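# Per-entry structural report
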Amino acid sequence: MLKVKNLKTNYGKIQALHGVSINVYKGEIVTIIGANGAGKTTLLNTISGILKSSAGKISFNGTDITNVPAEKIVRAGLVQSPEGRQIFPLLNVEENLQLGAYLRADKERIDEDLRRVHEMFPRLNERRKQLGGTLSGGEQQMLAIGRALMSKPELLLLDEPSLGLSPIFVQQIFEVIREINSQGTTILLVEQNAHVALQTADRGYVIATGQIIMDDDAKALLKHDSVRKAYLGG
Ligand SMILES: Nc1ncnc2c1ncn2[C@@H]1O[C@H](COP(=O)(O)OP(=O)(O)O)[C@@H](O)[C@H]1O
Ligand SMILES: [Mg+2]
């Protein structure tokens, strides 16, 4: 479904991605784990068209999407839930969710998906008139994922969904990620929280200083010595 080949991205003179190649197949949950500053957000932002690559190729469902404008990529079914959530603090929960559907052609099916998001996150239904900025961190993360789902993604990119959440919310969010996947959405997830990411994913990649240094089944990576030492606390 997603094929990234030898991708390079720079911030001015600083090169953040040094030729990254990854594949995501339809139906999978794939995770990319790596330390702070490894290049995870840069990679997702380049895939979703927010940043321009300087070399390499990205294709989605067989179509070249390298350096295609972000909104075209969303329309094609590739949608990112960004790091730090970036919800609209002065809009209420319902308005935030509706904005996720902004680019959709099939407006008649929006209500159906709103119901689906409410089933997945009952709390967003309870708080639908509350301003986004007054939600807790965990609720904002739910809202960001719910908003991404309102764009009807075929492939959902999640940037650090566990960041800043208490353990109980982390478990809840990852249960929902599994649920979204079992309902047919393919998922590419980047995380510093390697433990929960590898427990959730089918396959994983390890990124360090803008390069993929390892890839394997998620269960195998969990057992791998160097992964345990570097990312799982020994
Ligand atoms: N806007 C930016 N300008 C310059 N350098 C940046 C910018 N954003 C990120 N970087 C650098 O690019 C590298 C990768 O960052 P990032 O993709 O945010 O990593 P991660 O998401 O894995 O924490 C880091 O060295 C970071 O300092
Ligand atoms: Mg990041």
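The following paragraphs examine the structure supplied in this document.

What counts and how
- Residues numbered from 1 in each chain as written.
- Chains lettered and ligands numbered in written order.
- Predicted model: local features only at pLDDT ≥ 70, side-chain atom pairs only at ≥ 80, totals over all residues.
- Heavy atoms only, no water.
- Helix = DSSP H or I, 4+ residues; strand = E, 2+ residues; numbered from the N terminus.
- Rg over C-alpha atoms; globule rule 2.2 N^0.38 Å.
- Areas by Shrake-Rupley, 256 points an atom, 1.4 Å probe, with all protein chains shown as cover.
- Lys, Arg positive; Asp, Glu negative; His and termini not counted.
- Charge placed at Lys NZ, Arg CZ, Asp CG, Glu CD.
- Near = heavy atom within 4 Å.
- Polar contact = N/O pair within 3.5 Å; in protein donor to acceptor, adjacent residues only side chain to side chain.
- Pairing = 2+ DSSP bridges.
- Buried < 20%, exposed > 50% of the residue type's maximum accessible area, 1.4 Å probe, protein only.
- Patch = residues over 30% accessible without salt bridge, like charges linked within 9 Å, V, L, I, M, F, W, Y side chains within 5 Å.
- Salt bridge = Lys/Arg side-chain N within 4 Å of Asp/Glu carboxyl O.
- Contact = heavy atoms within 4.5 Å.
- Axes fitted to C-alpha atoms, helices over the stretch in contact; angles between N-to-C directions.

### Regarding the overall build of the chain
Counting secondary structure elements, the chain contains ten helices and ten strands. Relative to its length of 234 residues, the chain is compact, with a C-alpha radius of gyration of 17 Å against a globular reference of 17 Å. Surface summary for the chain: the accessible area is close to 10900 Å², and the carbon and sulfur share equals 50%. If the 28 positive side-chain charges of the chain are averaged to one point and the 25 negative ones to another, these points end up 4 Å apart.

### Comments concerning the site of ligand 1
Looking at ligand 1, the residues that line it are Tyr11, Ala16, Ala35, Asn36, Gly37, Ala38, Gly39, Lys40, Thr41 and Thr42. Take Ala38: an N or O atom from its main chain is 3.2 Å from an oxygen atom of ligand 1. Within the contact set of ligand 1, an oxygen atom lies 2.8 Å away from a side-chain nitrogen or oxygen of Thr41. Against a free-state accessible area of 560 Å², the protein chains account for coverage of 59% of ligand 1. Per-element accounting of the shell around ligand 1 gives the leading share, three residues, to helix H1 (residues 40-47).

### What about the sheet that holds strand E4 (residues 55-60)?
Taken in spatial order, the four strands of this open sheet run E2-E1-E4-E5, and their pairing is antiparallel. Of all strands in the sheet, those bounded by a partner on one side alone are strand E2 (14-24) and strand E5 (63-64). Pairing of strand E1 (residues 2-11) with E2 involves eight bridges; the strand directions are antiparallel. When the sheet's bridge partners are listed, Leu2 is paired in E2 with Val24.

### Side note on the pairing of strand E8 (residues 186-191)
In terms of burial, E8 is a largely internal element, six of the six residues being buried. Relative to E8, strand E3 (residues 29-33) runs parallel, the two being bridged by five bridges. From the neighbouring strand, Ile33 faces E8, where its bridge partner is Glu191. Strand direction decides the pairing type here: strand E7 (residues 155-159) and E8, joined by five bridges, are parallel. Across the sheet, residue Asp159 finds its bridge partner in E8, namely Val190.

### What to know about a negative patch on the surface
On the surface, Asp202, Asp215, Asp216 and Asp217 cluster together into a patch of negative charge. Tracing the backbone shows Asp217 in strand E10 (residues 211-217). Given a relative accessible area of 43%, Asp217 falls into the partly exposed group.

### Remarks on the environment of Glu94
Structurally, Glu94 can be placed in helix H3 (residues 93-100). In this structure, the C-alpha to C-alpha distance between Glu94 and Leu143, residues 49 residues apart in sequence, is 9.3 Å. Leave out the neighbours within four places in its chain, and Glu94 touches His118, Arg128 and Lys129.

### Points about the sheet that holds E7
Sheet architecture is open: six strands sit in the order E6-E7-E8-E3-E9-E10, paired in mixed fashion. Single-partner strands in this sheet number two, and they are strand E6 (78-81) and E10. When the angles between neighbouring strand axes are averaged without regard to direction, this sheet yields 20 degrees. Across the face of the sheet, helix H7 (residues 167-182) comes into contact with E3, E7 and E8 while running at roughly 155 degrees to E8.

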